[in-house]
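Descriptive structure summary
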Amino acid sequence: MEYFTTELLTLLFAALRSATPVLAVVLGEAMTQRSGVINLGVEGQMLLGAMTGFAVASVTGDPWLGVMAACFAGIALSMVHAILVLGCGANQIASGVAVLVLGSGLSAYYGTPFVGDKIDTLGNLNHTFVSDIPLLGQFLGPITPTVLLTLLAIPVISIFLFRTRTGLRWRSTGESQDITRNLGHNPMHYQLAAIAFGGLMSGFAGAALAVDYTANWVEGMTAGRGLVAVGLVIVARWNPWYALPAALLFGASEALNLKLQSWGVNISPYLLATLPYMIPLSVLMLSYRGLKASGGGMPAGLRVVFQNAR
Amino acid sequence: MTNATQPVLKPGLRLLAGPAGAVLVMAIIFVVATLAFFAINGREAVSLFQEMVMGAFGDSYSFSETLVKTAPILLTALAVALPARLGLISVGGEGQLYLGALFGTGAVLAAVDQPGWILMPLMLTGAMAGGALWGVIPGLLKTRLGVNETISTLLLNYVGILLVSFVVHGPWKNPNSLGWPATIEFPAGAILPQFFDTRVHMGLVFGIVAAVILHILVTRSRWGLGLQVSRSNPRVGATAGISYERNVLIVMAVGGLLAGLAGIAEASVIQNRLQDGLASGYGMTGFLVAWLAGQHFLRIIPLSVLMGGLLASADSLQLYAQLPKASADILQALLFIIVLAVASLWGRRRNT
């Protein structure tokens, strides 16, 4: 029994650590979509963030500078989406894919010299008071700063979104730009901020992955995490609080993948690696009946994007 | 209809105001952006650009390599453009391509001793079935459960790629390949016909024929009209006896089928075996081309050749100028961003 509990807790905390980059993207993308803009480019922004963060950490020797640089890289690339979507009125899906390809190209191009570099990591809670906590200490110890920052972002974002006037206008922009306009505000300002925030969070997510979680840079290392996150936003129903369980779904399937292999389960690692994509898809399938009935909380402005394809 | 208040353009200016003008503006900006990209990276911009054009269209060999790249782009672009006719945004070309290669290879392995006239149709049927399956799943998820097709096709791409990894590392791995994860080489009877001693293969013909047929079907047939009605209003379509659900399944399956053909052509002709990294992004390139063409089937053909040229020239730049392969992705994205921006602004100006 004790063995079972230990294994379960190990799995849960491993899930939390591998879910963190995805959680950050889900939070950012949920905010972007709340303003009525969808951004598939988060995958590319995450890659550029991971590469930039790793490169800056490697060159300066300071991982925190890397994290900051990654955030800026994410914002910078997201501005391409903002210019195309808000400035030119381009289709959001097409623009997102363009940003995705640009981000993966730029990160592969400029990241090549840094492949295989070693960097200092951000550290973790081991050897602090936390690891002395009885029972839980051994699980809390490996928790890293990006995990804590991302978890902290959940209440901050939800207070902003649901308890402030600006958050209210942000949400109303996503429902109908006319409402915001009639109240005397420019909806584009909110959408610009929303895209930039999504860029910040996806850049940060890249750093959480490359600088913190793996301490490594490999071309294409996000492996679709950004795109999974866009799917998980729907599972999370655009609510920051639900983003945590939704992202844990991805983290758990990834942690389970590793765990099953260490338990010697005789399934090909390539089949197990489909879990992080199949499980969110399955949940999407299961939750859609409920989503359909209630509208799922999808911002009305977003529905228009999908209806006006091309 | 002209009236006095409307400015009357001179013929030359009127041309500039049309789509040809937009294309010209896009081309100029793209050339400038490419030169800038080379210059920023400390390269001889102009000579590198010349090298690029030569690498794509310079001689018959370069052009044949361009056409080799054109085939999968063309087929995956059609796989995006057909669902778009119904207002669906499929991003699943990549996964469908992999599944086509997977099922087609499965057929080859199952009938490896058969003569070509049995093996070849089996292989192509398998490929089409595999691609169609990977197209119809998101279609079913959409019609039965309302799952957004953009998200499901994106996720299924990764699953498709991993399934191919699974078979080439596992059950289908060639025991004599010294650990290299790949299937056995395709027998001669399972290699698609090629033209004029080049690697240009039947896949290109499939793509062009499919584009023409789809264009005729969509513009001239009752079914095509039905798609148009369904797209603008599924309810009106339903009252006219057009099933939106059935059409979703048809366009997704047919699109997947075409991408599947691209997959088996890559495995059979280009790689000669099934292995990892089969398509390296043709699916996404196909998506970009379909949007560049405004989902117009015939426009997809020349645009695929252009994009094939871009990829072929990137290959030759990699050889001659040691430019990283990723430069092709960057130039592709630049081209797409410029076209999106110019086309959207142009359309907006015309509408106001």
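Scoring rules and cut-offs
- Residues numbered from 1 in each chain as written.
- Chains lettered and ligands numbered in written order.
- Predicted model: local features only at pLDDT ≥ 70, side-chain atom pairs only at ≥ 80, totals over all residues.
- Heavy atoms only, no water.
- Core = buried A, V, L, I, M, F, W, Y, C linked by side-chain atoms within 4.5 Å.
- Buried < 20%, exposed > 50% of the residue type's maximum accessible area, 1.4 Å probe, protein only.
- Helix = DSSP H or I, 4+ residues; strand = E, 2+ residues; numbered from the N terminus.
- Contact = heavy atoms within 4.5 Å.
- Buried area = accessible area lost by both parts, 1.4 Å probe.
- Salt bridge = Lys/Arg side-chain N within 4 Å of Asp/Glu carboxyl O.
- Polar contact = N/O pair within 3.5 Å; in protein donor to acceptor, adjacent residues only side chain to side chain.
- Nonpolar A, V, L, I, M, F, W, Y, C, P; charged D, E, K, R; others polar.
- Phe/Tyr/Trp six-rings, centres within 6.5 Å; stacked < 30°, edge-to-face > 60°.
- Axes fitted to C-alpha atoms, helices over the stretch in contact; angles between N-to-C directions.
- Parallel < 35°, antiparallel > 145°, perpendicular 65-115°, else oblique.
- Left-handed = near helix turned anticlockwise from the far one by under 90°.
- pLDDT = per-residue confidence, 0-100.

**A short note on the nonpolar core**
Residue and element names in this part refer to chain B. Grouped together as the largest cluster of nonpolar side chains are 184 residues, with contacts concentrated most on Phe38, Leu78, Met123, Leu274 and Phe287. The dominant element in this core, judged by the number of residues it contributes, is helix α14 (residues 326-351), at 14 residues. Residue contacts for Leu274: discarding those within four places in its chain leaves Ala101, Leu102, Thr105, Val164, Val167, Val168, Trp172, Ala182, Thr183, Phe186 and Ala267.

**A word on the interface of chain B and chain A**
Across the contact, 45 residues belong to chain B and 46 residues belong to chain A. Across the chain B/chain A interface, buried area totals approximately 4,200 Å², and carbon plus sulfur atoms make up 78% of it. Three residues, Leu145, Leu155 and Tyr158 of chain B, lead the burial of chain B against chain A; their summed loss comes to 14% of the area buried on that side. Here chain B and chain A share 0 salt bridges between them. Where chain B touches chain A, the interface holds 3 residue pairs in polar contact (both at pLDDT 80 or more). Listed by contribution, the elements that provide at least two residues to the side of chain B that touches chain A are α6 (116-145), α7 (149-169), α12 (282-292) and α14 of chain B. Classifying every residue of the side of chain B that touches chain A by side-chain character gives 28 nonpolar, 13 polar and 4 charged.

**Regarding the packing of aromatic side chains**
By the definition in use, this model includes 8 aromatic pairs over all chains. An angle of 65° between the planes, with centres 5.3 Å apart, marks the rings of Tyr109 of chain A and Phe37 of chain B as edge-to-face. Highlighted residues: Tyr109 of chain A in helix α4 (residues 92-111) and Phe37 of chain B in helix α2 (residues 19-40), drawn from two different chains. Of the two residues, Tyr109 of chain A and Phe37 of chain B, both sit in the buried class. Taken together, the ring pairs connect Tyr109 and Tyr110 of chain A together with Phe37 and Phe38 of chain B into an aromatic cluster.

**A look at α12 of chain B**
Residue and element names in this part refer to chain B. Taken across its 11 residues, α12 has 11 buried, putting it largely inside the fold. Looking at α12, one finds that the buried residues are Tyr282, Gly283, Met284, Thr285, Gly286, Phe287, Leu288, Val289, Ala290, Trp291 and Leu292. Where α12 ends, the next residue or the one after it, Gly294, has phi of about 60°, a positive value.

**What about the pattern of salt bridges?**
Residues and elements named next belong to chain B. For the structure shown, the criterion picks out 6 salt bridges over all chains. Its salt-bridge partner being Arg199, residue Glu65 comes within 2.8 Å of it at the nearest N-O pair. Taken together, the positions of Glu65 in helix α4 (residues 60-84) and Arg199 in the loop between α7 and α8 (202-220) put the pair 134 residues apart, joining distant regions of the chain. The class of Glu65 is buried, set by a relative accessible area of 12%. The salt bridge involving Asp315 is made with Lys69; its shortest N-O contact spans 2.8 Å. Taken together, the residues span a long stretch of sequence, with Asp315 in helix α13 (residues 297-321) and Lys69 in helix α4 at a distance of 246 residues. Here Asp315 falls in the partly exposed class, since its relative accessible area comes to 28%. Residue classification places Lys69 among the buried residues on the basis of a relative accessible area of 14%.

**Here's the deal with the side chain of Gln45 of chain A**
Residue and element names in this part refer to chain A. Structurally, Gln45 is set in helix α2 (residues 42-60). When its relative accessible area of 0% is taken as the criterion, Gln45 is described as buried. Ignoring anything within four residues of it in the chain, the contact list for Gln45 reads Asn39, Gly74, Leu77, Ser78, Val99, Gly198, Gly199, Ser202 and Gly203.

**A look at unusual backbone geometry**
Here the phi dihedral of Arg237 of chain A falls at roughly 50°; this positive angle occurs in a residue that is not glycine. For Arg237 of chain A, the position within the fold is in the loop between α10 (225-235) and α11 (240-262). Using a relative accessible area of 31% as the deciding quantity, one classes Arg237 of chain A as partly exposed. Of note, Gln295 of chain B is a non-glycine position whose phi angle comes to about 60°, a positive value. If you trace the backbone, Gln295 of chain B turns up in the loop between α12 and α13. Looking at Gln295 of chain B, the relative accessible area reads 2%, which means it is buried.

**Describing the packing of α2 of chain A against α10 of chain A**
Residues and elements named next belong to chain A. The N-to-C vectors of α2 and α10 enclose an angle of 140°; their axes lie 7 Å apart at closest approach. In this view, α2 runs oblique relative to α10, as classed from their interaxial angle. Our pair here, α2 against α10, has a crossing hand that is right-handed. Of the residues in α10, those touching α2 at Val42, Glu43 and Met46 are Arg225, Gly226, Leu227 and Val230. Class assignment for the residues of the contact of α2 with α10 results in 4 nonpolar, 1 polar and 2 charged.

**A few points about the confidence of the model for chain A**
In this model, chain A carries a mean pLDDT of 86, and residues with pLDDT of at least 70 account for 91%. At the low end of the mean pLDDT range in chain A sits helix α14 (residues 300-307) of chain A, at 70; at the high end sits α2 of chain A, at 95.

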